[in-house]
Amino acid sequence: MHASKSQQRSEKAALNISLWSSALFVAVELVMAVITSSQAVLLDAVYDSVELVMILVSLTLIPLLYRPSNENRPFGYLQVESLFVVVKGAIMVSVTVGLIVNNIEIMLHGGRKINFTQIAYFELFACVISLLVIFWLHRLNRSLNSPIVTMEIQEWKIDAVASIGMAAAFFLPQLIQASWFEVLRPYLDQGITVVLSIFMLPTPIKAIVTGLRDLFLLPPEQETVERIRDIVTPILEQRGYDQLYFDIVRTGRKLWISVYITFNKDDISLVRFRKLQTLVIEELKKEYQDFYLELLPDIQYTGDTEV
C-alpha cells in the first residue's frame, strides 16, 4: 500500500513545523548561552543545531520515500530512511559524548559561576514551547505514523523533559542557602549538563540499533513480530490453517510480511486464498499504516518431479 500525495504533504508540513520551531530555539539558545556562559544551555543549542540540519536533510528525503518499489528496487527507497536514522543517531551520540567530555574538563578546572535564576526561567519558557510543538506534531502524525516525524516528537519530548529538569535544578541555589552548597555552585551547571547528556544517550543509541536491523533486513523488535503473529494466527487457524511460518522484515516505515502456509492436501483455492488475504490485511490495517502482506503456500521439494 503506497501513501497518498496528501500524506506526503502532511509529513512535509509536520517537518516544517519542527524545522522553524528548531530554528527559533537554536537562535534564542545561542544568545542565552553567550549571555549566561551556561554549558547546559549550550548543550541544548548544539543538540538542536544538529537536529535542525537533520530536519533539512529529512525534507529532501521525503519524495524518495514515497516512490513505489519496482524490479530494480524491490524495497523501493525505504532503506534510505533507515540509513538516515542510523546516521542521525550516530551524530547525536557523538555530539552528546563530546559535550560530556567537555564539561568534565571544565569541572576539573574549577567549574564556572553563572546566573542560575535567569537560566531557570528561560528553561521553563523552553519547556512550554516544546510541549506545544509536541502536541501539534502528535496531531499531524496521528494519521501518518511516520518514523521521521515520530523521531522528531521524541527529540522534542527529550527537550521538554530536559528543560523542566534544568529549570528545577537551577532554582536550587535560591532554595538552598547553606554554606556547604556554595562549594558546589561552580560545578552545578556542568554537573547538570553531564547528567542530561547521559539521560539523552539511550534515544539515539536505540535509533541506531533499530536502523541497523532494518538495513540488514533483520526481523523488527520482538514486540512487533509477536503482535503481527497475534493478529494473523487466529484468523488463519479459524479457517483450518495451523501450520504457519512468518517472515517479517522492515525497511524504514514499511513492514514486509510473508506468511507461509503448509497444506495437507494438493488442492488450493486461489479465490479462497485471495479472500483470506484481504481479511488479514483489513485486520492489520487497524494497527499498521504501511505494510505489504502476502499469504503463500509453503511448497516443499519431495523429489517427485512428475507433473
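Residues numbered from 1 in each chain as written. Predicted model: local features only at pLDDT ≥ 70, side-chain atom pairs only at ≥ 80, totals over all residues. Heavy atoms only, no water.

Caption draft 1: Inspection of the overall build of the protein at higher detail. When you go through the protein residue by residue, the secondary structure sums to 10 helices and three strands. Taking 2.2 N^0.38 as the reference for a compact globule, 307 residues should give roughly 19 Å; the C-alpha atoms of the protein span a radius of gyration of 25 Å, well beyond that estimate. Taking the principal axes of the C-alpha coordinates as reference, the protein spans close to 90 × 40 × 35 Å. In the protein, buried positions account for 44% of the 307 residues. (Helix = DSSP H or I, 4+ residues; strand = E, 2+ residues; numbered from the N terminus. Rg over C-alpha atoms; globule rule 2.2 N^0.38 Å. Buried < 20%, exposed > 50% of the residue type's maximum accessible area, 1.4 Å probe, protein only.)

Caption draft 2: Up close: unusual backbone geometry. The phi angle at Ser37 is positive, at roughly 60°, despite the residue not being glycine. Along the chain, the position of Ser37 falls in the loop between α1 (5-36) and α2 (39-65). Judged by its relative accessible area of 34%, Ser37 is partly exposed. Unlike most non-glycine residues, Leu217 shows phi in positive territory, near 55°. If you trace the backbone, Leu217 turns up in the loop between α8 (202-215) and α9 (222-237). Accessibility expressed as a relative area gives 33% for Leu217, which makes it partly exposed.

Caption draft 3: Structural detail: the packing of helix α3 (residues 78-108) against α8. Between α3 and α8, whose axes approach to 8 Å, the crossing angle comes to 150°. With respect to each other, α3 and α8 are oriented roughly antiparallel. α3 and α8 meet at a crossing whose hand is left-handed. Judged by residue contacts, Gln79, Ser82, Leu83, Val85, Val86, Gly89, Ala90, Met92 and Val93 of α3 engage Pro204, Ile205, Ala207, Ile208, Gly211, Leu212, Asp214 and Leu215 from α8. Residues that form the contact of α3 with α8 fall into these classes: 12 nonpolar, four polar and one charged. (Axes fitted to C-alpha atoms, helices over the stretch in contact; angles between N-to-C directions. Parallel < 35°, antiparallel > 145°, perpendicular 65-115°, else oblique. Left-handed = near helix turned anticlockwise from the far one by under 90°. Contact = heavy atoms within 4.5 Å. Nonpolar A, V, L, I, M, F, W, Y, C, P; charged D, E, K, R; others polar.)

Caption draft 4: Inspection of the packing of aromatic side chains at higher detail. All chains considered together, the criterion is met by five aromatic pairs. Both rings, one in Tyr245 and one in Tyr260, keep their centres 5.9 Å apart while their planes meet at 40°; by these two values the pair is tilted. In this pair, Tyr245 is assigned in strand β1 (residues 244-251) and Tyr260 in strand β2 (residues 254-261), connecting sequence segments 15 residues apart. Tyr260 gets classed as partly exposed once you look at its relative accessible area, which sits at 23%. With centroids separated by 5.8 Å and ring planes inclined at 50°, the aromatic side chains of Trp256 and Tyr292 adopt a geometry described as tilted. Of this pair, Trp256 sits in strand β2 while Tyr292 sits in strand β3 (residues 291-297), and the two are 36 residues apart along the sequence. Here Tyr292 falls in the partly exposed class, since its relative accessible area comes to 38%. (Phe/Tyr/Trp six-rings, centres within 6.5 Å; stacked < 30°, edge-to-face > 60°.)

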